[in-house]
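One-letter residues, chain by chain:
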Amino acid sequence: MHDRSTSLPPGPPMPAALQAWRWTREPLPFLGRCRHRYGDAFTLRMSHAGTWVVLSDPADVKRVFTAAPDAMGASTASAVIEPLLGRRSVMLLDEPEHLTRRRIILPPFHGQRMAGYADMTAMVARREVQRWPVGEPFELWPRMQSITLDVIMNVVFGEDAETNPRLGRVREALVAMTEWLNDPRRLAVLAVLGPRWIRGHRGFARTRGAVADAVMDEVRLRRGAAAHGVPGGNDMISLLLEGSYEDGRPLSDQDLADELITLLSDGPTSTTLAWAFERLLRHPDKLELLRDEVRAGEDDTYMEAVIRETLRLCPPVPVVVRRLLAPLELESGHRLPTGTTVAPCVSLIHHREDVYPEPDAFRPERFLGTTPGTYTWIPFGGGVRRCLAASFANQEMKQVLSTVLRTVDLRAVGSASERVARSSIAFVPDRRALALVA
Ligand code: HEM
């Protein structure tokens, strides 16, 4: 049989340890320089993350997102994903388990069920805003984390953590885990030693273990209630307990713990909200337009454009990754071998000058009257692994932005834009979106 040979596109010749360091410490400038030097597809060789082929040609992105589900596997290439979420998270399952799991957790994130969460989200946002100081600078990012955590806890447990002390314990454990991961000193060590370090770290095992224990206590409680004939609710735990694989097997305890931690670790929504405020506060004309629309309450056209532009300019997840389970041919003619990690690069695609003129400018207007391209606007990834909560996150961001704008008069602190900094899994504003209530 004729065996067509495989090859990888060119990439920087520097040592793998240095490439890993650059990727972790200055990812966006590093990616930009590589694209400038090597073109739309280039190969990075990183000591702990392995070999990645980074893609920024929309035609290549299309090839990845439209490939057959069994031609692309999950990838653990992203540094903290596996130790944080666990091996049985939907994000790390291969087919056919992956699609079965998606079907189980999908309902709350769509249609009527999703719409039912709008009022709860606005309530949580109002409650949070009332706690903000007046006249003194404070960081918005942690405030947004607090809101999105309360919202997702309501979805997962069907109850509010503030009124249920047991859930308060789960919340505390989750906050401690996030803080552990986002400590800048740990992020620096992670850059050098990679995910193996975190996997073997006793401190991390303790903090993640506390989350898993608290979550599983709740699972056991619901199981006990179900055994006594109490019907399950509309919450995520009930769905997971009632769900099963195609062959009828129920989800294991490990499945349940990893999935619940995955859902509860939602980081990108709070990060996007922080960036939306950071950008809007430095563009008072656009902030005013949005405020007028919110006050009028008639439609949300500009709001939609603001969210799309924020996700374009400041995508919280800069790359999506897949492991090839079959060779893949690129536009350039390179035929990538099975086993390669391919990484459609959200940041590079969103900065293509041919698609987005003046790509560094914050201009929500570019999305008025148009639908974003499936392969040129990819903040939620694409294909069978596209973020299953994209519509939910969109609704949540609209509710939070409009509640805040209706309730307080926010001002920027300092005129300089905030720079992109790295947290454990997302790209965040370096001063954590510093703001002031006037
Ligand atoms: C602005 C907010 C969000 C952004 C930008 C975002 C982005 C992403 C991205 C880039 C992926 C990977 C897609 C791919 O590989 O093609 C993903 C997957 C996923 N996201 Fe989101 N996400 C957001 C909010 C959420 C929320 C609120 C949840 C639920 C709590 C969530 C749950 C998931 C899950 C479960 C997956 C895995 C899907 C799969 O592997 O099939 N995301 N998200």
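The following refers to the structure shown. Every value quoted in this text rests on a predicted model; they were computed, and no experiment measured them. One numbering rule holds for all chains: residues counted from 1, following each sequence as written. With pLDDT at 70 or above as the cut-off, local features in this predicted model cover only qualifying residues; side-chain atom pairs require 80 or more to be listed or tallied, and sums for whole chains, interfaces and linings still use all residues.

A few words on the overall build of the protein. The helix and strand tally for the protein stands at 19 helices and twelve strands. Taking 438 residues into account, the globule formula puts the C-alpha radius of gyration at 22 Å, and the protein, at 22 Å, falls close to it. Along the first, second and third principal axes, the C-alpha atoms of the protein reach 65 × 55 × 40 Å. Burial is judged by counting other C-beta atoms within 10 Å of a residue's own C-beta: 20 or more means buried, 12 or fewer means exposed, and anything between counts as partly exposed, with every C-beta placed from the backbone. For the protein, the residues scored as buried account for 42% of the 438 residues in total. Only runs of H or I of at least four residues qualify as helices and only runs of E of at least two qualify as strands under DSSP, and these elements are numbered from the N terminus. This radius of gyration counts C-alpha atoms alone. The globule rule is 2.2 Å times how many residues there are, raised to the power 0.38.

Following the sequence through the fold, Ala 421 ends up in strand E10 (residues 420-422). On the basis of neighbour count, Ala 421 is assigned to the partly exposed category, with 14 C-beta atoms found within 10 Å. A C-alpha to C-alpha distance of 26 Å links Ala 421 and Arg 202, two positions 219 residues apart in sequence. Ignoring any residue separated from it by four or fewer positions in sequence, one finds Ala 421 in contact with Val 428 and Asp 430. Throughout, a pair of residues is in contact if the C-beta atoms placed from their backbones lie within 7 Å.

Take Met 123: it is sitting in helix H7 (residues 118-129). Residue classification places Met 123 among the partly exposed positions, given that 16 C-beta atoms sit within 10 Å.

Attention now moves to the nonpolar core. By convention the nonpolar core is taken to be a set of buried residues drawn from Ala, Val, Leu, Ile, Met, Phe, Trp, Tyr and Cys and joined through C-beta atoms within 7 Å. Of all hydrophobic cores here, the largest spans 108 residues; its most connected members are Val 54, Leu 55, Val 156, Ala 274, Phe 277, Ala 343 and Cys 345. Sorting elements by how many residues they give to this core places helix H8 (residues 140-157) first, with eleven residues.

Let us now look at the site of the ligand. By convention here, the C-beta atom is placed from the backbone, and a residue is near a molecule or strand when that atom is within 6 Å of it. Around the ligand, the structure places 24 residues, and the nearest of them are Pro 268, Gly 381, Cys 387, Ala 389 and Ala 393. Of all the secondary-structure elements, those providing two or more residues to the shell around the ligand are helix H14 (253-264), helix H15 (268-281) and helix H19 (390-407). Sort the elements by how many residues they give to the shell around the ligand and H15 lands first, with three residues. For this classification, the nonpolar set comprises Ala, Val, Leu, Ile, Met, Phe, Trp, Tyr, Cys and Pro, the charged set comprises Asp, Glu, Lys and Arg, and every other residue, Gly included, is treated as polar. The class makeup of the residues in the shell around the ligand is 15 nonpolar, five polar and four charged.

What follows covers H14. Compared with the 16 Å implied by 1.5 Å per residue over twelve residues, the 16 Å span of H14 between its first and last C-alpha is a close match. With respect to burial, H14 is a largely interior element, ten of its twelve residues being buried. Among the residues making up H14, those that are buried are Asp 255, Leu 256, Ala 257, Asp 258, Glu 259, Leu 260, Ile 261, Thr 262, Leu 263 and Leu 264. Each element contacted by the buried residues of H14 is listed here: helix H4 (81-85), helix H5 (97-105), H8, helix H9 (165-182), helix H12 (202-227) and helix H13 (236-242). Helices are assigned an expected span. That span is 1.5 Å times one less than the residue count.

Any two strands with at least two DSSP bridges between them are considered paired. By the bridge criterion, six bridges tie strand E1 (residues 41-46) to strand E2 (residues 50-55) in an arrangement that is antiparallel. Bridging across to E2, Arg 45 finds its partner in Thr 51. Taken together, E1 and the strand that follows it, E2, pair antiparallel across an intervening segment of three residues.

With mixed pairing, the five strands of this open sheet are ordered in space as E1-E2-E8-E5-E3. A strand with exactly one partner marks an edge of an open sheet, and here the two such strands are E1 and strand E3 (72-73). Note that E2 and strand E8 (residues 341-344) share four bridges and pair parallel. What sits directly across from Trp 52, in E8, is Thr 341.

Moving on: the environment of Pro 429. Mapped onto the elements of the fold, Pro 429 is located in strand E11 (residues 427-429). Counting along the chain gives ten residues from Pro 429 to Arg 419, while the straight-line C-alpha distance between them is 5.6 Å.

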